[in-house]
Amino acid sequence: MGMEKTFDATAAEARITAKWLDANAFAAGANKSRDDSFCIMLPPPNVTGALHVGHAFNHTLMDILTRWHRMRGFDTLWQPGQDHAGIATQLQVEKKLLAEEGKRRADLGREAFLARVWEWKQQYGTTIIDQMKRLGNSCDWDRNAFTMSGAPGAPEGNDGNFHDAVIKVFVEMYNKGLIYRGKRLVNWDPHFETAISDLEVENIETDGHMWHFKYPLAGGATYRYVEKDEDGNVIVDEERDYISIATTRPETMLGDGAVAVHPSDERYAPIVGKLCEIPVGPKEHRRLIPIITDNYPDPDFGSGAVKITGAHDANDYGVAKRNDIPMYRLMDMRAQMRSDGAPYAEAAAIAGAVARGERALSEAEADALNLVPDHLRGLDRYEARKAVVDEITSEGLAVMTRADDPRLGSAAAKPAPAEEPGPLGADQEVPDQVRDALVPLVEAKKIMQPFGDRSKVVIEPMLTDQWFVDAQEVVKPALDAVRTGRTKIVPESGEKTYFHWLENIEPWCISRQLWWGHQIPVWYDDEGSMYCAPSEAEAQAMAPGKALTRDPDVLDTWFSSGLWPIGTLGWPDQTEELAKYFPTSVLVTGQDILFFWVARMMMMQLAVVDDIPFRDVYLHGLVRDAKGKKMSKTLGNVVDPLEIIDEYGADALRFTNASMASLGGVLKLDTQRIAGYRNFTTKLWNACRFAEMNSVWEGHETQTAAPDAQATVNRWIISETAKVRETVDAALTDYRFNDAASALYGFVWGKVCDWYVEFAKPLFDGDDAAETRATMAWVLDQCMVLLHPFMPFITEELWGLTGARAKLCVHADWPEYGADLVDESALREMNWVIALIESIRSARAQLRVPVGLKLNMVQLDLDDAGRAALSRNMALVTKLARIASLEEVTDLPKGSITVAVEGGSFGLPLEGVIDIATERARLEKTLAKAEKERAGIEGRLKNPKFVASAPEEVVTEARENSALLADEIARLTEAVGRLREIG
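Reading guide: rules and limits
Residues numbered from 1 in each chain as written. Predicted model: local features only at pLDDT ≥ 70, side-chain atom pairs only at ≥ 80, totals over all residues. Heavy atoms only, no water. Helix = DSSP H or I, 4+ residues; strand = E, 2+ residues; numbered from the N terminus. Buried < 20%, exposed > 50% of the residue type's maximum accessible area, 1.4 Å probe, protein only. Areas by Shrake-Rupley, 256 points an atom, 1.4 Å probe, with all protein chains shown as cover. Expected span 1.5 Å × (residues − 1). Contact = heavy atoms within 4.5 Å. Polar contact = N/O pair within 3.5 Å; in protein donor to acceptor, adjacent residues only side chain to side chain. Pairing = 2+ DSSP bridges. Axes fitted to C-alpha atoms, helices over the stretch in contact; angles between N-to-C directions. Phe/Tyr/Trp six-rings, centres within 6.5 Å; stacked < 30°, edge-to-face > 60°. Lys NZ or Arg CZ within 6 Å of the ring centre and 35° of its normal. Core = buried A, V, L, I, M, F, W, Y, C linked by side-chain atoms within 4.5 Å. Parallel < 35°, antiparallel > 145°, perpendicular 65-115°, else oblique. Nonpolar A, V, L, I, M, F, W, Y, C, P; charged D, E, K, R; others polar. Salt bridge = Lys/Arg side-chain N within 4 Å of Asp/Glu carboxyl O. Lys, Arg positive; Asp, Glu negative; His and termini not counted. Patch = residues over 30% accessible without salt bridge, like charges linked within 9 Å, V, L, I, M, F, W, Y side chains within 5 Å. Charge placed at Lys NZ, Arg CZ, Asp CG, Glu CD. Left-handed = near helix turned anticlockwise from the far one by under 90°. pLDDT = per-residue confidence, 0-100.

Enquirer: I keep staring at the overall build of the protein chain and nothing clicks. Help me out?
Expert: Helix and strand counts for the protein chain stand at 30 helices and 33 strands. For the protein chain, buried positions account for 53% of its 983 residues. Of the accessible surface of the protein chain, which amounts to about 42500 Å², a share of 48% is contributed by carbon and sulfur atoms.

This is the structure:
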């Protein structure tokens, strides 16, 4: 059956995927012909997830490496799987439960709710797997892993020992003292009522305010406050009985433990060590806190004095720990002001005694102390903020300023709202009669606000009891592994980030206040003693006769996924797969999770099995839109990869992904580029159809060895094939996917589909016909094989349509030929012919010579090599360059332009063919316009303010446009130069 006119990707992709799966083509070890192994771990997407452009890019690169190694005979495994995604999955099930039954998880209880989660996972958990198959992922799907496999209550089909492995590691690390429970500051999500990781926090710039307040000095003390400008001139010299602070979160003042100033700040030197009063709460119980020194405050920012609320701010937490300042938690798990504990008067008295040095509090005692005044208890944090601001302002303890102070922004002449976050009101002029009036100093300013990426509520830094890995104890082997080269990070710039993070690592919070996840294997007796064991029975054996209660928290998914390399290969059992594929070969992942996942896998594997998890780490950037902007629903520039596949085919998307994967480059996904690579698939298809029409595929079988060709054209294309094979292998070895794609594109489209197809046409009618058919069949086979890792669907389709094949293209033997097939004389000759034809075509196009018009050409001078090449290939030159005749001359005829080639030059007489004067005027005008436009762009790029303030994507686009214009100017200059030669 003959080939169809076009490749129908929509129909073919599903059929080809089924063919691969039926043949079990992706199984570990499939097509193995050597002892070397290659293993790559799929970074497990959330079980709730759907394929997005980041997945599509990342997975394409992994699949290219996997298919390349499998075709080379490596014992290959691409290990797939999904992460149970604690928060995301629990959110989905809770939404479903509320919408369909009007119930919350508490209404069901933990066990019944988890059964619902498993039901949801069984129904929806394979969505992203099906989507990955559409992209062409050649994972061993029979080995699909899940980070909760084997967990209690797991239904049939979710068996495995990943859960057991996670619990085993926790118990072992606990027994070694590497895991402990303690209080630290975490990102607290008030909606889900759990700690979350930094990766689950979105920092968004919002309109906010900074309130300036006075903290009166204790006992009515005063000091001389002197402020100087940059030149040392005194600009403020007054007696003060307070210290001024500025805060964006007034409600946290209630938990202040100190006010800090920089040791070098001379303004406050007289009052360091004294006490000041927090200006809120019942006057008779107003708390006093010390004024201390620390390197954290910036003397040049605000007043230079910083309130220290260690339980609710990351920077303050560090100051409090360094200076032994008590940390008082103000909020409950819903971010409402606490309503538990002793009355405020009693709590404030205890805190006052601590501030005066009369008593000390343990960390737990400080956390238990509720310093929220009675009338504010139970309020939402923003309601409390408004009340605090109103109380301080009414008492006259707000710092005042003129109503026309520019710091007030559009909120001038009126008090700023206490609610956060929210935009400022419309701009308004300050009336003359109030211009000199004093108003509270409430700066209008942009602030970075942390939001939960799923809850969309403002995250509260919170001091809570959590489980932690003592990261400093397990970090050294992970650092040494990269320093010594056991694990290589590509590009090298990633090493700097890796070292910085690990050398400054903090304890790793691994507990989450959720129900869905690996429940922490620790039980408590009535006295609070802890028993860590793999099962309740083993814990009970450690506490005979005691009633035990299990810790309700679950482990962070980053902890369980940190065991992904060994857990998916069957550890703690010493499986055949573990022995064969671990350490894995390479991890391909985004640079944004270098510390969240990559570094933690390094630490965990080295701590558990004393080995590295992977030999190489390839880091890529974030996929952006065509202009370099980050994709977001707000901007409306999000691209759905499944829609791209529907429109252009998976191969076009995959080749686009590979072509933009330059080391350290910006990843710009442009649909026009995707459309161009769809045309690339059409070009290859048409070349194979051309071969079919010329009987190339009749009786064809896969030939490993190249034909013994005699014709120069055939020896040339065989040489070009050998060269591109070496280029592709070298590029993929170094993870230069874009270089491999570029080489293949240039070879398949340019050398094969354009030049060789044209060169072969006259050969099909001559003595070299059989040789040419054999050569074309072999070359097109090599195109299919070399392109297969990048474009698996069309190559598999063509492979099956064009000959008798012993095996599928996915298992075709990757070629090993190289220099042995390169014929330098054939390369020189045919590349010289191509250069001549391209030069003639370029000159014709630049000067707008009618496409169908055949031109006379003259030969000025030419060396022997050129004469020989021309004589053997004159028919090709005259046909492809549309030349009517060739004549040797000593001087160019009037009105001729020069065409230079290696070893000589030719001329094209154009007088009477084009209007030379008009064409020259047109080109000079176009050239002047391009030069003016580029000069404008270069002027902006040389302006430091533009480069510093313009969005990154705008600056990048300007540089790219300048480069494009430079190319156009060079082309136009050449064309104008040709015309100036002839007057």
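Next, the rest of the story.
Enquirer: Explanation requested: helix 21 (residues 671-693) in the structure shown.
Expert: Each turn of an α-helix holds 3.6 residues, which means side chains three or four residues apart point in the same direction. The end-to-end C-alpha separation of helix 21 is 33 Å, in line with the 33 Å expected for 23 residues at 1.5 Å each. Among all positions in helix 21, only Ile674, Ala675, Tyr677, Phe680, Thr681, Leu684, Trp685, Ala687, Cys688, Phe690 and Ala691 are buried. Summarising the contacts, the buried residues of helix 21 are in contact with helix 19 (641-648), helix 20 (650-659), helix 23 (737-763), helix 24 (769-787) and helix 25 (792-801). The opening residue of helix 21, the one whose side-chain oxygen lies 3.0 Å from the backbone nitrogen of Gln672, is Asp670. Positive backbone phi, at 65 degrees, marks Ser695, one or two positions downstream of helix 21.

Enquirer: Even after reading the chapter, I still don't get the sheet that holds strand 13 (residues 288-293), so can you show me in this structure?
Expert: Strand order in the open sheet formed by four strands is 12-13-11-14, and the pairing between neighbours is mixed. Only two strands of the sheet have a single partner each, and these edge strands are strand 12 (275-277) and strand 14 (305-308). The average angle at which neighbouring strand axes cross in this sheet is 35 degrees, direction not considered. As judged from the three bridges shared by strand 12 and strand 13, these two strands associate in the antiparallel manner.

Enquirer: What is the right way to read the packing of aromatic side chains from this model?
Expert: One pair of aromatic rings is described through two measures. These are the centre distance and the angle between the planes. Taken as a whole and judged by the stated rule, the model has 32 aromatic pairs. Between Trp778 and Tyr817 the ring centres are 5.4 Å apart and the planes differ by 50 degrees, which places this aromatic pair in the tilted class. Here Trp778, found in helix 24, pairs with Tyr817, found in the loop between helix 25 and helix 26 (824-846); they are 39 residues apart in sequence, far enough to count as distant. Stacked on the ring of Trp20, the Lys or Arg Arg67 has its end atom at 4.5 Å from the ring centre. Over the face of the ring belonging to Phe499 we find Arg483, whose NZ or CZ atom lies 5.2 Å from the ring centre.

Enquirer: Got a minute to help me understand helix 24 in this structure?
Expert: Here helix 24 is 19 residues long and its end C-alpha atoms lie 26 Å apart, about the 27 Å a rise of 1.5 Å per residue gives. Extensive coverage of helix 24 is indicated by the burial of 16 of its 19 residues.

Enquirer: What am I meant to see in the nonpolar core here?
Expert: Nonpolar side chains tend to gather and get buried jointly when the protein is soluble and globular. Counting residues in each nonpolar core, the largest one holds 154 residues, and the members touching the most others are Leu669, Trp716, Phe759, Leu780 and Phe790. Among the elements that make up this core, the one with the highest residue count is helix 23 (14 residues). Aside from chain neighbours lying at most four places away, what touches Leu780 is Leu684, Ala687, Cys688, Ala691, Trp697 and Val752.

Enquirer: It is not clear to me how the packing of helix 1 (residues 9-22) against helix 25 should be interpreted in this structure. Could you clarify?
Expert: For any two helices packed against each other, one specifies the crossing angle of their axes together with the interaxial distance. At a minimum axis distance of 10 Å, the contact between helix 1 and helix 25 shows a crossing angle of 75 degrees. One finds that helix 1 runs roughly perpendicular with respect to helix 25. Note on element contacts: helix 25 touches helix 1 through Pro792, Phe793, Glu796 and Glu797, opposite Ala12, Glu13, Arg15, Ile16, Thr17 and Trp20. By residue class, the composition of the contact of helix 1 with helix 25 is five nonpolar, one polar and four charged.

Enquirer: Is there a simple way to think about the pattern of salt bridges in this case?
Expert: Oppositely charged side chains can form a pair if their charged atoms are brought close together. Here the structure, examined in full by the defined rule, presents 59 salt bridges. Lys446 serves as the salt-bridge partner of Asp207, at 2.5 Å between the closest nitrogen and oxygen. Note that Asp207 is positioned in strand 7 (residues 201-216) and Lys446 in strand 17 (residues 442-452), a separation of 239 residues in sequence. Taken together, the shared-partner salt bridges connect Arg249, Glu251, Arg381, Arg385 and Glu460 into one network.

Enquirer: I'm lost on the side chain of Arg287 in this one. Help?
Expert: Checked against the element boundaries, Arg287 lands in the loop between strand 12 and strand 13. We note that Arg287 is buried and unpaired, the nearest opposite charge coming from Asp256 at a distance of 6.2 Å. A polar contact of 2.8 Å, which involves the side chain of Arg287, links it to the backbone oxygen of Asp256. For Arg287, the residues in contact, after removing those within four places along its chain, are Met253, Leu254, Gly255, Asp256, Cys276, Glu277, Ile278, Tyr328, Tyr344, Ala348, Ala351 and Leu371.

Enquirer: Got a minute to help me understand a negative patch on the surface in this structure?
Expert: Among the surface-exposed residues, Glu230, Asp231, Asp298 and Asp300 lie close enough to one another that they form a single negatively charged patch. One can find Asp298 in the loop between strand 13 and strand 14.

Enquirer: Can you help me understand the sheet that holds strand 33 (residues 904-909) in this one?
Expert: The pairing of strands in a sheet happens through backbone hydrogen bonds and is either parallel or antiparallel. Taken in spatial order, the four strands make up an open sheet running 31-30-33-32, and their pairing is mixed. Looking at strand neighbours, the two that pair on one side only are strand 31 (883-888) and strand 32 (896-901), the edges of this open sheet. Within the sheet, the average angular offset between the axes of one strand and its neighbour, ignoring direction, is 30 degrees. The sheet contact formed by strand 30 (residues 855-862) and strand 31 spans five bridges and is parallel. By the bridge assignment, Leu855 is partnered in strand 31 with Ile883.

Enquirer: What's the story with the side chain of Asn31 in this structure? I'm lost.
Expert: As for its placement among the helices and strands, Asn31 is situated in the loop between helix 1 and strand 1 (37-41). Polar contacts involving the side chain of Asn31 include one to the main-chain carbonyl oxygen of His811, which spans 3.3 Å. Beyond its immediate chain neighbours, meaning those up to four positions away, Asn31 contacts Arg70, Met71, Gly73, Lys807, His811 and Ala812.

Enquirer: Which parts of the structure should I look at to understand the pairing of strand 27 (residues 614-620)?
Expert: It is a general feature of regular strands that their side chains alternate between the two faces of the sheet. Of all the seven residues making up strand 27, six are buried; the element is thus mostly covered by neighbouring parts of the structure. As defined by bridge partners, strand 19 (residues 488-490) adjoins strand 27 across three bridges and the pair is classed as parallel. Within the sheet, the bridge partner assigned to Val490 lies in strand 27 and is Tyr618. Direction of pairing for strand 26 (residues 584-590) relative to strand 27: parallel, over a ladder of six bridges. By the bridge assignment, Val588 is partnered in strand 27 with Tyr618.

Enquirer: How should I be thinking about the environment of Asp229 in this particular structure?
Expert: Along the chain, Asp229 falls in the loop between strand 8 (223-228) and strand 9 (234-240). Along the chain, Asp229 and Asp670 lie 441 residues apart, while their C-alpha atoms are 52 Å from each other. Of the polar contacts made by the side chain of Asp229, one reaches the backbone nitrogen of Asp231; its length is 2.9 Å. Side-chain polar atoms of Asp229 contact the backbone nitrogen of Asn233, separated by 2.8 Å.

Enquirer: Any chance you could explain the packing of helix 2 (residues 53-71) against helix 6 (residues 127-135) here in plain terms?
Expert: Put simply, helix 2 and helix 6 touch, their axes get as near as 11 Å, and they point 55 degrees apart. Taken together, the axis directions place helix 2 and helix 6 in an arrangement best described as oblique. Like other packed secondary-structure pairs, helix 2 and helix 6 cross with a definite hand, here right-handed. Residue-level inspection shows His55, Ala56, His59 and Thr60 of helix 2 in contact with helix 6, the latter providing Ile128, Met132 and Leu135. Taken together, the residues of the contact of helix 2 with helix 6 break down into four nonpolar, three polar and no charged.

Enquirer: Help me understand the confidence of the model for the protein chain, please; the structure alone is not making it clear to me.
Expert: Interpretation of this model should avoid reading the predicted coordinates in detail wherever pLDDT is low. Confidence in the prediction for the protein chain averages 92 pLDDT; 97% of positions are at 70 or higher. In the predicted structure, residues 420-428 sits below a pLDDT of 50 and forms 24 contacts with residues beyond four places in sequence or in another chain.

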